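# Chains, contacts and geometry: an overview
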Amino acid sequence: MSEISVENVSFFHGKGTPYEIKALDGVTLNIVPNTITGIIGHTGSGKSTLVELFNGILKPAEGRVLLDGADIWAKPKEIRNVRFRVGLVMQYPESQLFEETIRQDIAFGPRNMGLSEQEIEERVIEAAGFVGLGKDMLDKSPFDLSGGQKRRAAIAGIIAMRPDVLILDEPAAGLDPAGREAIFSNIMEYRKNSGSTVVIVSHSMEDMARYCDRVMVMSEGKLIMNGTRDEVFSKPERLAEAGLDIPQITKLMLLLRERGIEVDTGVYTSERAYEELIRLFKKDTAQSR
Amino acid sequence: MKNIALGQYYPAKSPLHRLDPRIKVLLALIYICAAAFCKNIIGFGVLLVSALLIVALGRIPFKTIFRSLTPVLFVMLFAVFFQVFFTKGDMLLFAWWKLQIYGEGLYLALFTIVRIFTLIIGTSMFLTYTTTPIELTYAIEDLLSPLKKLKVPVHDFAMMMTLALRFIPTLVEEADKIMTAQKARGADFSTGSLVQRAKALKPVLIPLIVSAMRHAVELAVAMECRCYHGDGTRMVVRKCRFSDIAALIVMIIFLAGIIYLNILGLVYTA
Ligand SMILES: Nc1ncnc2c1ncn2[C@@H]1O[C@H](COP(=O)(O)OP(=O)(O)O)[C@@H](O)[C@H]1O
Ligand SMILES: [Mg+2]
């Protein structure tokens, strides 16, 4: 199982031009293997830049990116191997589809890995299955699919490389609620079957709360929170400071707390809120008796 | 990558940035004439000083200017080489085997360098560094508008230019994103034979063309929705100010001065 760690990394976009921007500023973190890690932050906080450093698309200006303890830039000629091990699904990945059929498009990654035709075919069918594209779809043109289907075909293109770590940059952006649901259940299914590490970038707190074991919060190029889901969501004030929309249900709990009701404000799902309110209600009735 | 697409416009607050773009086009044209007509040693000195002055007025760092000069360095060297070794004259400075170098050759080479240098500084300082491409097309449209009377479709050409310029950064950015996405799938754009590299571009070009077509259709629809039919007149955004006129007058005097120096003598001709 591969572990990604990042040591004191800074990155500049447009270095040496009048448009220079410091996108990352001294970020240190590691992605715990076998978990689903969520990276959350406001637009422009540096999430995409961060994940593009993970698989060697970008090279840090300062600091190191390690994969299983080895600097990924130690041998720049072999950076492709890092990209096969750390699969990155970019934002709006449907714009990368180019082949005549979905089958060929999903095969692009595995073919670049130099696998045998038989192995490629096997992986294509497996990956398409994970994202819910049946065998009958494989010979269609990617340009004939619906938006959600295109997105899933593009994700399959990365899954087919069987990466140790799968990173998805805003996988549900621009999809309708049913499409979002489908994408996330595909990802969960994939994770259960493959046991690989998954990183999801999002700016939706609700998604993070539902699917992630660990959460990292980015703000203005810095990592400001990093911990388990419970640890991070138990400090809603700090999330609000970073300009993030906290889950609706947490907002409700905060409002109750403001009115002097002793609720746990680290609640981020409606099920937990229900339990918490029932607990309070029982305590209340017991006291008043 | 993006900066190339922005036509090297260098955002800054300077007297040159503030000038009316139409005036800047005229200034560039007059300056080019001055550099081309100059035949006089003093004139070349004046040109060189004026070029440096213009750079200072535009508040562009010399490093940036120098970078834009490097592509033409080769052309300069080439010209210098020919002029030094193949000019025949009266002042023989150096002779060895079949090689003869004359003073005239050295002079010519020096003048060529100054001329190319000032031509590039002139056009890039007035037109690319301190004027955005969009301002430039508007300026050219305005300056050519008398041709509309002769039924030349100046407006249509200007609109086409504007749209093309508007979409270059978008397409460059998109090409960048698509390349990144394919790299993440192990595409390799930088090694292999020429044929292999050309083939490696297919996964970039096809999605890029698809998205360019989409942009074109969306833009056409959006323009039609706003009743664009290509015969409207654009509002004049700005009027010439005193400083614009003053700059133009200074430049005309400069050109007159250079020509006057030529007439005065001290003319160097090969
Ligand atoms: N290719 C690029 N060129 C220049 N600036 C960029 C580029 N990509 C991102 N940036 C800038 O870097 C910062 C971080 O961007 P990004 O990593 O995309 O944030 P996020 O994914 O969290 O929205 C932003 O200010 C953005 O404008
Ligand atoms: Mg992003």
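Residues numbered from 1 in each chain as written. Chains lettered and ligands numbered in written order. Predicted model: local features only at pLDDT ≥ 70, side-chain atom pairs only at ≥ 80, totals over all residues. Heavy atoms only, no water.

On to the side chain of Asp244(B). Locating Asp244(B) in the fold gives a position in helix α11 (residues 242–264). Within the local environment of Asp244(B), its side chain forms a polar contact with the backbone nitrogen of Arg241(B), the two atoms lying 2.8 Å apart. (Helix = DSSP H or I, 4+ residues; strand = E, 2+ residues; numbered from the N terminus. Polar contact = N/O pair within 3.5 Å; in protein donor to acceptor, adjacent residues only side chain to side chain.)

Attention now goes to the sheet that holds strand β7 (residues 165–169) of chain A. Residues and elements named next belong to chain A. Strand order in this open sheet of six strands is β6-β7-β8-β3-β9-β10, and the pairing throughout is mixed. The open sheet terminates on both sides in strands that have one partner only, identified here as β6 (86–89) and β10 (222–228). Strand-to-strand twist in this sheet, taken as the mean axis angle between neighbours without regard to direction, amounts to 15 degrees. Sheet strands in contact with helix α1 (residues 47–54) are β3 (36–41), β6, β7, β8 (197–202) and β9 (214–219), and its direction is about 140 degrees off that of β3. Set on the sheet, helix α6 (residues 177–194) makes contact with β3, β7 and β8; between it and β8 the angle comes to about 160 degrees. (Pairing = 2+ DSSP bridges. Axes fitted to C-alpha atoms, helices over the stretch in contact; angles between N-to-C directions. Contact = heavy atoms within 4.5 Å.)

With 24 residues, helix α10 (residues 202–225) of chain B should cover 34 Å at 1.5 Å per step; its first-to-last C-alpha distance of 35 Å lies within 8% of that length. Of the positions making up α10(B), those classed as buried are Pro203(B), Val204(B), Pro207(B), Leu208(B), Ser211(B) and His215(B). If you follow the buried residues of α10(B), they end up packed against α3 (102–112) of chain A together with α8 (154–184) and α9 (194–200) of chain B. Downstream of α10(B) by a residue or two, Cys227(B) has a phi angle that is positive, lying close to 60 degrees. (Expected span 1.5 Å × (residues − 1). Buried < 20%, exposed > 50% of the residue type's maximum accessible area, 1.4 Å probe, protein only.)

Turning to the site of ligand 1, a few remarks are in order. All names here are of chain A. In the neighbourhood of ligand 1, twelve residues make up the surrounding shell, with Gly44, Gly46, Lys47, Ser48 and Thr49 lying closest. In the model, an oxygen atom of ligand 1 is placed 3.2 Å from a nitrogen or oxygen of the Ser45 main chain. The backbone of Gly46 places a nitrogen or oxygen atom 3.1 Å from an oxygen atom of ligand 1. Element by element, the count of residues in the shell around ligand 1 is highest for α1, at three residues. When the residues that make up the shell around ligand 1 are grouped by side-chain class, the tally is two nonpolar, eight polar and two charged. (Near = heavy atom within 4 Å. Nonpolar A, V, L, I, M, F, W, Y, C, P; charged D, E, K, R; others polar.)

Interfaces are frequently sized by the accessible area removed from exposure as the parts join. Residues and elements named next belong to chain A. According to the domain assignment, chain A contains domain 1 (4–239) and domain 2 (247–289). Placing a centre on the C-alpha atoms of domain 1 and another on those of domain 2 gives a separation of 36 Å. On the side of domain 2, seven residues touch domain 1, which itself brings nine residues to the contact. Across the interface of domain 1 and domain 2, roughly 690 Å² is buried in total on both sides, 67% from carbon and sulfur atoms. (Domains from an automatic or database assignment. Buried area = accessible area lost by both parts, 1.4 Å probe.)

With that settled, the discussion passes to the packing of helix α5 (residues 62–86) of chain B against helix α6 (residues 103–129) of chain B. Residues and elements named next belong to chain B. Viewed as axis vectors pointing N to C, α5 and α6 meet at an angle of 155 degrees, and their least axial separation amounts to 9 Å. When the axes of α5 and α6 are compared, the pair comes out roughly antiparallel. With respect to the hand of their crossing, α5 and α6 are arranged in right-handed fashion. Touching Thr64, Ile65, Ser68, Leu69, Val72, Met76, Ala79, Val80, Gln83 and Val84 of α5 are Gly105, Leu106, Leu108, Ala109, Thr112, Ile113, Ile116, Phe117, Ile120, Ile121, Met125 and Tyr129, all from α6. (Parallel < 35°, antiparallel > 145°, perpendicular 65-115°, else oblique. Left-handed = near helix turned anticlockwise from the far one by under 90°.)

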